[in-house]
Amino acid sequence: MSAGWYVVRRLLWAVVVTYLILSVTFAFIVLTPNAQVAELQFQTAASGGDPGEAEQAFERARGREGSLVRQYLTYMGNLLTLNWGWSDTRSQPVTEAILEAYPYSLMYAAPAVILSTVLGLAIGLYSATHRYTAGDYLATLFAFFGLSIPNFWLGIVLLLVFGVVLGWVPVVFDPDVPAFSVRNAAQLALPVLVLATSSVAGIMRYTRAEALEYVRAEFVKMARAKGASEWRVLTRHVFRPALVPLVTILVGDLLGIFLAFSLLVEVVFGIPGLGRLSYQALLNGDTALVLGTTLVPVFLAVVGNLLQDVAYSVLDPRIELGGRE
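Everything numeric here is computed off the predicted structure, so don't read it as measured data.

## Quick word on the overall build of the chain
Piece 1. Of regular secondary structure, the chain possesses twelve helices and two strands.
Piece 2. Seen in sequence order, the chain has helices and strands lined up from the N terminus as α-α-α-α-β-β-α-α-α-α-α-α-α-α.
Piece 3. Each of the 325 residues in the chain was classed as buried or not, and the buried ones make up 39%.
Piece 4. Considering only contacts within the chain whose residues lie at least 6 apart along the sequence, 72% involve residues at least 24 apart.

If you want it as structure tokens, here you go:
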């Protein structure tokens with residue numbers, strides 16, 4: 001099996017996985033009681049009306065007529081034509097709502113990913129090559145702090161200290177501030193810091209563990225004996241072989257930032273990004289918007305896993321994509 005066919009097969013399987021996840025999400029939303037419907041039925045019953053008719057009128061107004069099977073088949077069929085539905089709570093197409101929200105998520109997620117990856121790898125390699133030194137212990141302390149502290153709690157504390165007490169950063173996120181401005185950088189500083197803290201710690205510990213396997217390897221000693229510089233030994237003989245298993249961790253951690261942590265950060269700091277959009281859609285029972293905001297991270301996860309396998313073969317030529325079954 002060639003590498004090209006392997007990629008095509010993975011992409012086709014990605015379509016199946018995406019439909020399965022969206023189907024499960026659709027079922028959960030349908031089974032979850034809608035608070036708006038319950039309140040409307042209560043008010044209708046209190047005024048002497050028919051709660052059942054009120055519910056049907058509410059569903060018709062939201063465009064959810066017909067059986068659940070028909071609604072499910074209609075939505076899944078529309079996905080093939082890139083019609084992700086209509087958000088009844090925002091009165092706009094789902095794709096438009098996602099495109100409006102996603103730039104706000106990227107404003108802090110992209111710097112956080114770059115910062116956490118660079119610092120995590122650099123500190124991890126330093127700890128591995130300076131094992132049991134004061135710098136290694138300090139890095140380990142930082143890692144335990146970053147892994148153990150909840151992101152939402154750290155965000156609230158930093159917001160109270162630097163926003164409320166010191167007044168260095170705005171407490172409320174202002175979406176009207178120009179993207180490339182000092183004011184926007186100031187209000188995004190804390191979300192980037194919070195998001196990067198736990199990710200740096202995880203990448204650093206994994207990097208240290210993998211690099212330690214090669215720091216005292218025979219081929220590394222041989223390279224030093226031949227006069228190779230410490231920088232060449234570190235980058236070519238320690239970091240490169242350690243990077244192969246790290247790819248899995250890096251992809252998982254980076255996707256985790258986009259998929260989960262962004263929701264907590266955006267709720268705490270009031271950023272109108274994709275995570276907060278998904279959170280509000282869940283609270284309001286906006287089925288089309290929930291499925292749309294689910295589809296984006298699912299697509300990122302599937303593509304990320306595919307890129308991970310491709311990266312394996314690039315970093316280690318012994319791994320052949322075409323040979324996998």
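Back to the write-up after that little detour.
## Side note on unusual backbone geometry
Piece 1. For serine 91, which is not a glycine, the phi torsion comes out positive at approximately 55°.
Piece 2. If you trace the backbone, serine 91 turns up in the loop between β1 (86-87) and β2 (92-93).
Piece 3. You can call serine 91 exposed: its relative accessible area is 52%.
Piece 4. Phi at tyrosine 132 is positive, roughly 60°, even though this residue is not glycine.

## Section: the side chain of threonine 207
Piece 1. Its location among the elements puts threonine 207 in helix α8 (residues 182-215).
Piece 2. One polar contact links the side chain of threonine 207 to the main-chain carbonyl oxygen of isoleucine 203, over a distance of 2.6 Å.
Piece 3. Filtering out sequence-adjacent residues up to four positions away, threonine 207 remains in contact with Gly120, Leu121, Gly124, Leu125 and Leu246.

## A short note on empty space enclosed by the protein
Piece 1. For the structure shown, the criterion picks out one cavity of 30 Å³ or more.
Piece 2. Volume-wise, the largest cavity comes out at about 70 Å³.
Piece 3. Lining the largest cavity are Leu159, Val169, Pro170, Val171, Val172, Phe173, Ala186, Gln187, Leu190, Pro191, Phe269 and Ile271.
Piece 4. Looking at the lining of the largest cavity element by element, the count peaks at four residues for α8.
Piece 5. Broken down by class, the residue content of the lining of the largest cavity amounts to eleven nonpolar, one polar and no charged.

## Thoughts on the UniProt feature "transmembrane region" (unreviewed entry) in the chain
Piece 1. Look at the UniProt record and you will see "transmembrane region" (unreviewed entry) annotated at residues 12-31, 106-126, 138-168, 188-206, 242-269 and 289-307.
Piece 2. Overall, residues 12-31 shows 100% helix and 0% strand. The separation of its end C-alpha atoms is 29 Å.

## Considering the pattern of salt bridges
Piece 1. Considering all chains together, one arrives at five salt bridges under this definition.
Piece 2. With its nearest N and O atoms 2.9 Å apart, the salt bridge here joins aspartate 136 to arginine 208. Of this pair, aspartate 136 sits in helix α6 (residues 134-148) while arginine 208 is found in helix α8, placing the two residues 72 residues apart along the sequence.
Piece 3. Residue class for aspartate 136 comes out buried when judged on its relative accessible area of 1%.

## Considerations on the confidence of the model for the chain
Piece 1. Mean pLDDT over the chain: 80, with 90% of residues reaching 70 or higher.
Piece 2. Mean pLDDT in the chain bottoms out at helix α3 (residues 51-61), which sits at 73, and peaks at helix α7 (residues 151-165), which reaches 89.

## Concerning helix α5 (residues 94-129)
Piece 1. For α5, which comprises 36 residues, the first-to-last C-alpha distance of 50 Å matches the rise-based estimate of 52 Å (1.5 Å per residue) to within 8%.
Piece 2. The largest bend in α5 is about 35°, located at leucine 106.

## A short note on the packing of aromatic side chains
In this description, an aromatic ring pair is defined by two values, namely the gap between the centres and the angle between the planes.
Piece 1. With the rule as written, the count across this model stands at four aromatic pairs.
Piece 2. Ring centres of tyrosine 104 and phenylalanine 173 lie 6.2 Å apart, and the angle between their planes is 85°; on these two criteria the pair is classed as edge-to-face. Here the residue tyrosine 104 occupies a position in helix α5, and phenylalanine 173 occupies one in the loop between α7 and α8, the gap between them amounting to 69 residues. Considered together, tyrosine 104 and phenylalanine 173 belong to a single accessibility category, that of buried residues.
Piece 3. For the ring pair tyrosine 214 and phenylalanine 219, a centre distance of 6.3 Å and an interplane angle of 55° mean the geometry is tilted.
Piece 4. The class for tyrosine 214 is buried, based on a relative accessible area of 16%.
Piece 5. In this structure phenylalanine 219 comes out as partly exposed when scored by relative accessible area, which is 41%.

## Thoughts on the side chain of glutamine 187
Piece 1. Here glutamine 187 is to be found in helix α8.
Piece 2. Note on glutamine 187: relative accessible area 8%, which makes it buried.
Piece 3. Residue contacts for glutamine 187: discarding those within four places in its chain leaves Pro170, Val172, Phe173, Asp174 and Val177.

## Quick notes on a nonpolar patch on the surface
Piece 1. A contiguous nonpolar surface patch, about 1200 Å² in accessible area, is contributed by Phe152, Trp153, Ile156, Leu160, Val161, Val164, Val165, Leu166, Trp168, Val171, Val172 and Leu264.
Piece 2. For the nonpolar patch, the leading source of residues is α7, giving seven residues.
Piece 3. Along the chain, leucine 264 falls in helix α10 (residues 230-269).
Piece 4. Using a relative accessible area of 36% as the deciding quantity, one classes leucine 264 as partly exposed.

The rules behind the values
Each chain has its residues counted from 1, following the order in which its sequence is written. Residue-level local features of this predicted model are given only where pLDDT is at least 70; pairs of side-chain atoms are given and counted only at 80 or more, and the full residue set underlies all totals for whole chains, interfaces and linings. Only heavy atoms go into the side-chain values, all of them from the structure, while hydrogens and water stay out. Secondary structure follows DSSP: runs of H or I at least 4 residues long count as helices, runs of E at least 2 residues long count as strands, and numbering of each begins at the N terminus. Note on classification: 1.4 Å probe, protein chains only; a residue is buried when its accessible area is under 20% of the maximum for its type, exposed when over 50%, partly exposed between these limits. What makes two residues a contact is simply this: any of their non-hydrogen atoms within 4.5 Å. For this analysis, a polar contact is any N or O atom pair within 3.5 Å, provided that within protein one partner can donate a hydrogen and the other can accept it, and provided that sequence-adjacent residues contribute only side-chain to side-chain pairs. Only protein atoms enter the 1 Å grid used here, on which a cavity is any set of points holding a 1.4 Å probe that cannot leave and a pocket is any open set flanked by protein within 12 Å on both sides along at least five of seven lines; residues with an atom within 4 Å of a point are listed as lining. Grid points are joined across faces, edges and corners, and a volume is the space filled by probe spheres set on the points. Side-chain classes follow a simple rule in which Ala, Val, Leu, Ile, Met, Phe, Trp, Tyr, Cys and Pro form the nonpolar group, Asp, Glu, Lys and Arg form the charged group, and the remainder, Gly included, forms the polar group. UniProt positions are given in the numbering used here, feature names are shortened, and annotations may be inferred rather than shown by experiment. Salt bridge, as applied in this entry: a Lys or Arg side-chain nitrogen positioned within 4 Å of an Asp or Glu carboxyl oxygen. A residue's pLDDT is simply how confident the predictor is in it, with values from 0 to 100. Multiplying 1.5 Å by the helix residue count minus one yields the expected span of that helix. To get the bend at a residue, fit one axis to the 7 residues ending there and another to the 7 starting there, then take the angle between the axes. Two rings from Phe, Tyr or Trp (for Trp, the six-membered ring) form a pair when their centres are within 6.5 Å of each other. A pair whose planes differ by under 30 degrees is stacked, one over 60 is edge-to-face, and the rest are tilted. Candidate patch residues must exceed 30% relative accessible area and have no salt bridge, after which like charges are joined if within 9 Å and Val, Leu, Ile, Met, Phe, Trp or Tyr side chains if within 5 Å. Here the Shrake-Rupley method, with its probe set to 1.4 Å, supplies the accessible areas, and only the displayed protein chains count as covering residues.

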